[in-house]
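# A closer look at the structure
Single-letter residue listing:
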Amino acid sequence: MIPLECIQADITTLEVDAIVNAANTSLLGGGGVDGAIHRKAGPQLLEECRAIRNRQGGCPTGEAVITGAGRLPAKFVIHAVGPVWQGTNPKTEALLASAYRHSLELAVANHVKSIAFPNISTGIYGFPKPRAAEIAVAEVTRFLETNSSIEQVLFVCFDEENFDIYKAMLGQS
Ligand code: AR6
């Protein structure tokens, strides 16, 4: 199985096949990484999101949709909707795992070889960072055990706290 890696970076700068966006159910943009991605990608991204929203009414929590990447260096943006933290709850945790899994399923269906994830739900949605990282790493690991077409998975940390958590979890210095 490919080794999982974490880096500290602005995800909008990465030249990978797909970057994942921590979106919301409206798909119409927002703050945090979503805002950064839409600002840098330009109006084409919002247009594609709006078309998906008109077709299927947005994206449910725990699921994901895929678009082109506008002016970003990546080829695709996978818009995943994580849950809002509402206290410890197995359903909320399952929805976070599901957002990662659906993103990877879309990646495989679109022949994506390299994919970069932000730390979904750990900003505005308030998910505790250590638990979110455990769920993310466990779900991605489980997925890769049975899917060999993806060659690189990056966990892209923006804040120091997440970077320290992921480095410890993945045994990186
Ligand atoms: N590159 C990588 N990671 C980033 C960047 C960046 N440029 N900017 C922020 N982060 P958040 P959520 C990290 O709040 O919690 C939006 O309004 C940040 O440090 O972006 O899933 C959406 O529209 C944090 O660790 O997403 C939704 O309404 C992580 O990205 C809502 O926020 C996720 O933080 C989603 O909330």
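Located above this text is the structure these notes cover.
Along every chain, residues carry numbers that run from 1 in the direction the sequence is written. Local features in this predicted model are restricted to residues whose pLDDT is 70 or higher, and side-chain atom pairs enter the listing and the counts only when it is 80 or higher, whereas totals over whole chains, interfaces and linings include all residues. Working from all heavy atoms in the structure, the side-chain values ignore hydrogens and water.

## Thoughts on the state of the cysteines
As a reminder of what qualifies: In this description, the term disulfide denotes a pair of cysteine sulfurs within 2.5 Å. Exposure classes here rest on a 1.4 Å probe applied to the protein chains alone. A residue is buried below 20% of its type maximum, exposed above 50%, and partly exposed in between.
By the definition in use, this model includes zero disulfides. Looking at C59, it has no disulfide partner, and the nearest cysteine sulfur is the one in C49, 9.8 Å off. With a relative accessible area of 3%, C59 lands in the buried category. The closest cysteine sulfur to the non-disulfide-bonded C157 is located on C6, 5.3 Å from its own sulfur.

## Observations concerning the site of the ligand
The test is simple: The near set for a molecule or strand comprises every residue that places at least one heavy atom within 4 Å of it. Whenever a nitrogen or oxygen atom comes within 3.5 Å of another N or O atom, the pair is scored as a polar contact, on the condition that within protein one atom can donate a hydrogen and the other can accept it, and that pairs from neighbouring residues in sequence are kept only if both atoms are in side chains. Each accessible area value is a Shrake-Rupley result obtained with a 1.4 Å probe; residue values ignore everything except the protein chains displayed when judging cover. Labels follow the DSSP assignment, with helices taken as runs of H or I lasting at least four residues and strands as runs of E lasting at least two, numbered in each case from the N terminus. Any residue that is not Ala, Val, Leu, Ile, Met, Phe, Trp, Tyr, Cys, Pro, Asp, Glu, Lys or Arg is counted as polar, Gly included; the first ten are nonpolar and the last four charged.
The full set close to the ligand counts 23 residues, and N24, G31, V33, D34 and I124 are the nearest of them. A distance of 2.8 Å separates an oxygen atom of the ligand from a polar side-chain atom of T122. Interatomic distance of 2.8 Å between a backbone N/O atom of I124 and an oxygen atom of the ligand. Considered on its own, the ligand offers 700 Å² of accessible surface; in the complex 91% of this is hidden by protein. The dominant element in the shell around the ligand, judged by the number of residues it contributes, is helix α1 (residues 32-41), at four residues. By residue class, the composition of the shell around the ligand is ten nonpolar, ten polar and three charged.

## Regarding the packing of aromatic side chains
Applied cut-off: The criterion for an aromatic pair is that two Phe, Tyr or Trp rings (for Trp, the six-membered ring) have centres within 6.5 Å, with stacked assigned to planes under 30 degrees apart, edge-to-face to planes over 60 apart and tilted to the rest.
Following the criterion strictly, the structure yields four aromatic pairs and no others. Ring centres of W85 and F127 lie 4.8 Å apart, and the angle between their planes is 65°; this geometry places the pair in the edge-to-face category. Linking W85 in the loop between β4 (76-81) and α3 (90-109) with F127 in the loop between β5 (114-117) and α4 (129-146), this pair joins segments that are 42 residues apart in sequence. Accessibility expressed as a relative area gives 2% for F127, which makes it buried. Their ring planes at 25° and their centres at 6.3 Å tell us that F117 and F155 sit as a pair that is stacked. On the criterion of sequence distance, the pair formed by F117 in strand β5 and F155 in strand β6 (residues 152-157) is long-range, its members being 38 residues apart. Of the two residues, F117 and F155, neither departs from the other in class, the shared state being buried. One aromatic cluster in this structure is built from Y100, F117, F155 and Y166.

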